[in-house]
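# Summary of structural features
Below are the chains, spelled out letter by letter.
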Amino acid sequence: MLFANIFVGVLIILAGILCYKFPNQINPYGGMSPERKALVDIDGLRRSILWIMVATGIAFLLLAVFHKYLAAHPMLDFWAIMGICVAMLVAVLIAMKRHNGWGKDQNGTIYTHDKDRSVVIVVAVVISLAATAFSVIVLARASKSSLIEVKDSVLHISGMYGRDIPMEDIATMKVLDEMPVMAMRTNGSSFKNKNKGHFLTTDDEKCMLFVTYNGGPYIELRTADELIYLNRETPEETKMLIEELEKARQ
């Protein structure tokens, strides 16, 4: 999805530039008669199309940045792409209505359906801002370490992909000096030195990570149906967590 979003984003921006340079490529303007074309504010239309396509392309590039650090659920990808495409379609329809006139005044000015010239620009800006805000919010959450606490014989993991694990559900616990190498991220985040979410080991075993790569130690927990790797922000805090877990499991 990373390279696909980059490719689509660049392609859409290039398409917007081509539509601006060669407005006859804009459908249905290109197939209109000369008389009908004369009633279209083509300069305004091609500027609006350029704005919309550039904003949409930027939205796809931001989505690519999002995928650089996060592997989202496929349905989240689907709705994000659908949202961008629907917003682009609505903006294009507004632009075509805005610049499609029905006559001219005595000075040759084209009468159009919408007197607010900023509508299309606002829609285009909203597309970019929405995509930017979405990426910033999710990446900000991914940049924070998970809050890991042991209370009342339960391991509480807060934040993205958080869960509660009763001590009696932990079958084994190991302290590792180094983290095992992960083969791939299936539905999680990898931002700076923090990995959270669903990963796959080199042995094709599914696991959950709540890890800050800080030189260790790291904790490996196994339940009946899960393999979990975790630690805290600093080695000292992780050593305290190890003591808390060992005491709670006694």
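This text gives an overview of the structure that appears in the document.

Rules and cut-offs
- Residues numbered from 1 in each chain as written.
- Predicted model: local features only at pLDDT ≥ 70, side-chain atom pairs only at ≥ 80, totals over all residues.
- Heavy atoms only, no water.
- Helix = DSSP H or I, 4+ residues; strand = E, 2+ residues; numbered from the N terminus.
- Buried < 20%, exposed > 50% of the residue type's maximum accessible area, 1.4 Å probe, protein only.
- Contact = heavy atoms within 4.5 Å.
- Areas by Shrake-Rupley, 256 points an atom, 1.4 Å probe, with all protein chains shown as cover.
- Salt bridge = Lys/Arg side-chain N within 4 Å of Asp/Glu carboxyl O.
- Phe/Tyr/Trp six-rings, centres within 6.5 Å; stacked < 30°, edge-to-face > 60°.
- Lys NZ or Arg CZ within 6 Å of the ring centre and 35° of its normal.
- Pairing = 2+ DSSP bridges.
- Axes fitted to C-alpha atoms, helices over the stretch in contact; angles between N-to-C directions.

## Some remarks on the overall build of the protein chain
Helix and strand counts for the protein chain come out as six helices and eleven strands. Classification of the 250 residues of the protein chain by burial places 40% in the buried group. Summarising the internal contacts of the protein chain: among those between residues at least 6 apart in sequence, 57% fall at separations of at least 24. Carbon and sulfur atoms make up 61% of the accessible area of the protein chain, which totals about 14,000 Å².

## A look at the pattern of salt bridges
The tally for this structure, following the rule as stated, stands at seven salt bridges. The residue Asp43 makes a salt bridge to Arg46 at a minimum N-O spacing of 3.6 Å. In this pair, Asp43 and Arg46 both sit in helix 3 (residues 42-69), three residues apart, roughly one turn of the helix. Of the residues examined, Asp43 reaches a relative accessible area of 39% and is grouped as partly exposed. Classification of Arg46 as partly exposed rests on a relative accessible area of 21%. Of the charged contacts, one joins Arg232 and Glu244 as a salt bridge, the two residues approaching to 3.1 Å between their closest N and O atoms.

## Some points on the packing of aromatic side chains
Under the definition given, this model contains one aromatic pair. The aromatic ring of Tyr20 is capped on one face by Arg46, whose charged end is 4.6 Å from the ring centroid.

## Description of unusual backbone geometry
The phi torsion of most residues other than glycine is negative, and most of the peptide bonds are trans. The residue after Gly216, namely Pro217, is reached through a cis peptide bond having omega 5 degrees. Along the chain, Pro217 falls in the loop between strand 9 (206-212) and strand 10 (218-222). Even without being glycine, Asp152 reaches a positive phi, approximately 50 degrees. Examined against the element boundaries, Asp152 turns out to sit in the loop between strand 3 (147-151) and strand 4 (154-158). Accessibility expressed as a relative area gives 76% for Asp152, which makes it exposed. Even without glycine at this site, Ser153 takes up a positive phi of about 60 degrees. As for its placement among the helices and strands, Ser153 is situated in the loop between strand 3 and strand 4. Note on Ser153: relative accessible area 39%, which makes it partly exposed.

## Details of the sheet that holds strand 3
Taken together, the three strands give an open sheet; going across it, the order is 3-4-5, and neighbouring strands pair in antiparallel fashion. Since the sheet does not close on itself, it has two edges, and those belong to strand 3 and strand 5 (163-166), each with one partner. Neighbour-to-neighbour, the strand axes of this sheet turn through a mean angle of 15 degrees, independent of strand direction. Contacts between helix 6 (residues 235-249) and the sheet are confined to strand 3 and strand 4, with strand 3 contributing the most and set at about 30 degrees to the helix.

These figures capture arrangement, not role.
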